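Residue-level structural notes
If you want the building blocks of each chain, they are given just below.
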There are 2 protein chains.
Amino acid sequence: MIKKNKTAYCPVDYAFQRIGGKYKGRILWYLKDGIMRYGELKRIVEGITPKMLTQTVRELEEDKLIIRKVYKEVPPRVEYRLSETGKELIPFIDQMRIWGERQMAME
Amino acid sequence: MIKKNKTAYCPVDYAFQRIGGKYKGRILWYLKDGIMRYGELKRIVEGITPKMLTQTVRELEEDKLIIRKVYKEVPPRVEYRLSETGKELIPFIDQMRIWGERQMAME
DNA sequence: ACAAGTAGGTACAATTTGGTACCCTATAGA
DNA sequence: TCTATAGGGTACCAAATTGTACCTACTTGT
């Protein structure tokens, strides 16, 4: 991910810092329909390694875009869902998806 | 910039690959109102070095998000503007900006 | 004569990001 | 007993990205 500049003066910069990174957009997108467990995300986000998934969801949690809920069970269960702030991003990501689809079709 | 994966199966991924990177969002945003010259961009995109500006605009040009026009004059003159494809991204970036502003205000 | 404004280019170094391999706990099932 | 599954952690390494410093050519202004 792009290094967080705590004094980002530009809101465009600020926003891109929070959803930049190789997997963040996809993770947010896949969470749009509700709650997902760690293993589900790992299966659906193609190519992601456990390390990167953990790292990425932790960053999203720190930025308060998702909520991470740990159940103290064995075997462990951890659920992820969008926060209210995170949900606000979904329409934009949807626009990006539509744009991306059109571009991909044009190639 | 995130490495381009030519076989990006996911349109969300595809889109983020094209506007990821430390300065791309801001450059596109600053070009929304029309044509800008290299030097103008350098002044307005705070913190960017000449090398990164050149590199970034070339990548945006390759991805057909901006159009680069060189005038064979001395001193040199190079103008940048959004392509039609690039213009389509502006509403999205604008929403990101609004979201970013709100978040920044909440901190 | 010399600096500044143009729009860069290049080599190298530093930083950031991502990947590999291996480790953990505890339980259910064969 | 051995394996699989859950959701990770950690050390080390490789790759990608960004930054630093210095260079180019040509013209106008002082």
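The present account deals with the structure reproduced in this document. Since the structure is predicted, the reported quantities are computational estimates derived from the model, not experimental observations.

This part takes up the pairing of strand β2 (residues 66–71) of chain A. Pairing of β2(A) with strand β3 (residues 77–82) of chain A, which is carried by six bridges, proceeds in the antiparallel orientation. Opposite A:Arg68, over in β3(A), you have A:Tyr80 as the bridge partner.

What follows covers the environment of A:Val57. All names here are of chain A. With respect to the helices and strands, the residue Val57 is situated in helix α4 (residues 50–62). You can call Val57 buried: its relative accessible area is 1%. In sequence terms Val57 and Leu28 are 29 residues apart; their C-alpha atoms lie 9.5 Å from each other. Contacts of Val57, omitting those with residues within four sequence positions, involve Ile27, Leu41, Ile66 and Tyr80.

Turning our attention to the interface of chain A and chain B. Listed per partner, the contact involves 35 residues of chain A and 36 residues of chain B. For the chain A and chain B pair, buried surface summed over both sides reaches about 3600 Å², with 71% attributable to carbon and sulfur atoms. On the chain A side of the contact with chain B, A:Phe16, A:Met96 and A:Trp99 bury the most area, a combined 20% of that side's loss. Along the contact surface separating chain A from chain B lie four salt bridges. Here A:Asp13 ties to B:Arg26 by a salt bridge, and the two come within 3.3 Å at their closest N and O atoms.

This part takes up the pairing of β3(A). Residues and elements named next belong to chain A. With two bridges joining them, strand β1 (residues 36–37) and β3 adopt antiparallel strand pairing. Its bridge partner lying in β3, Arg37 is registered against Glu79. If you look at the hairpin formed by β2 and β3, you'll find five residues sitting between the two strands.

Scoring rules and cut-offs
- Residues numbered from 1 in each chain as written.
- Chains lettered and ligands numbered in written order.
- Predicted model: local features only at pLDDT ≥ 70, side-chain atom pairs only at ≥ 80, totals over all residues.
- Heavy atoms only, no water.
- Pairing = 2+ DSSP bridges.
- Helix = DSSP H or I, 4+ residues; strand = E, 2+ residues; numbered from the N terminus.
- Buried < 20%, exposed > 50% of the residue type's maximum accessible area, 1.4 Å probe, protein only.
- Contact = heavy atoms within 4.5 Å.
- Buried area = accessible area lost by both parts, 1.4 Å probe.
- Salt bridge = Lys/Arg side-chain N within 4 Å of Asp/Glu carboxyl O.

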